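# Structural overview
If you want the building blocks of each chain, they are given just below.
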Amino acid sequence: MAGKSVYEMVTDRIIAQLEQGIIPWEKLWSGIRSGAYNRISKKPYSLINQMMLSHNGDYASFKQWQQLGGHVRKGAKSEIVVF
């Protein structure tokens, strides 16, 4: 059995937020400080990625964290972003 498609993952996340009373597209992101952004480029993520990511603040790839001298906690789970 193949994994879920990106469309199914996005739909599942939106439905879960709606069931919690959150309307994700109504959030007011006013720049990189109030939403999710890339740690290296400082660019905010797109609206769809803002809805998919579980918290506000900085994100980076595993390799980017290593280049910054950081570490990823054992057992930490990755998150999906759409390019």
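Since the model is a prediction, treat every value here as computed from it, not as a measurement.

## Description of the pattern of salt bridges
Applying the stated criterion to the full structure yields two salt bridges. For the salt bridge of Asp 12 with Lys 4, the shortest nitrogen-to-oxygen distance reads 2.3 Å. Between Asp 58 and Arg 39 there is a salt bridge, with the nearest N and O atoms lying 2.5 Å from each other. Of this pair, Asp 58 sits in strand β2 (residues 57-59) while Arg 39 sits in the loop between β1 (36-38) and α2 (47-52), and the two are 19 residues apart along the sequence. Owing to a relative accessible area of 24%, Asp 58 belongs among the partly exposed residues under this scheme.

## Side note on the confidence of the model for the chain
With 88% of its residues at a pLDDT of 70 or more, the chain shows a mean pLDDT of 83. Mean pLDDT in the chain bottoms out at α2, which sits at 84, and peaks at helix α3 (residues 62-67), which reaches 92.

## Considerations on the packing of aromatic side chains
Tallied over the entire structure, the rule returns one aromatic pair. Their ring planes at 90° and their centres at 6.1 Å tell us that Tyr 45 and Tyr 59 sit as a pair that is edge-to-face. On the criterion of sequence distance, the pair formed by Tyr 45 in the loop between β1 and α2 and Tyr 59 in strand β2 is long-range, its members being 14 residues apart. By relative accessible area, which is 11% here, Tyr 59 ends up buried.

What counts and what doesn't
- Residues numbered from 1 in each chain as written.
- Predicted model: local features only at pLDDT ≥ 70, side-chain atom pairs only at ≥ 80, totals over all residues.
- Heavy atoms only, no water.
- Salt bridge = Lys/Arg side-chain N within 4 Å of Asp/Glu carboxyl O.
- Helix = DSSP H or I, 4+ residues; strand = E, 2+ residues; numbered from the N terminus.
- Buried < 20%, exposed > 50% of the residue type's maximum accessible area, 1.4 Å probe, protein only.
- pLDDT = per-residue confidence, 0-100.
- Phe/Tyr/Trp six-rings, centres within 6.5 Å; stacked < 30°, edge-to-face > 60°.

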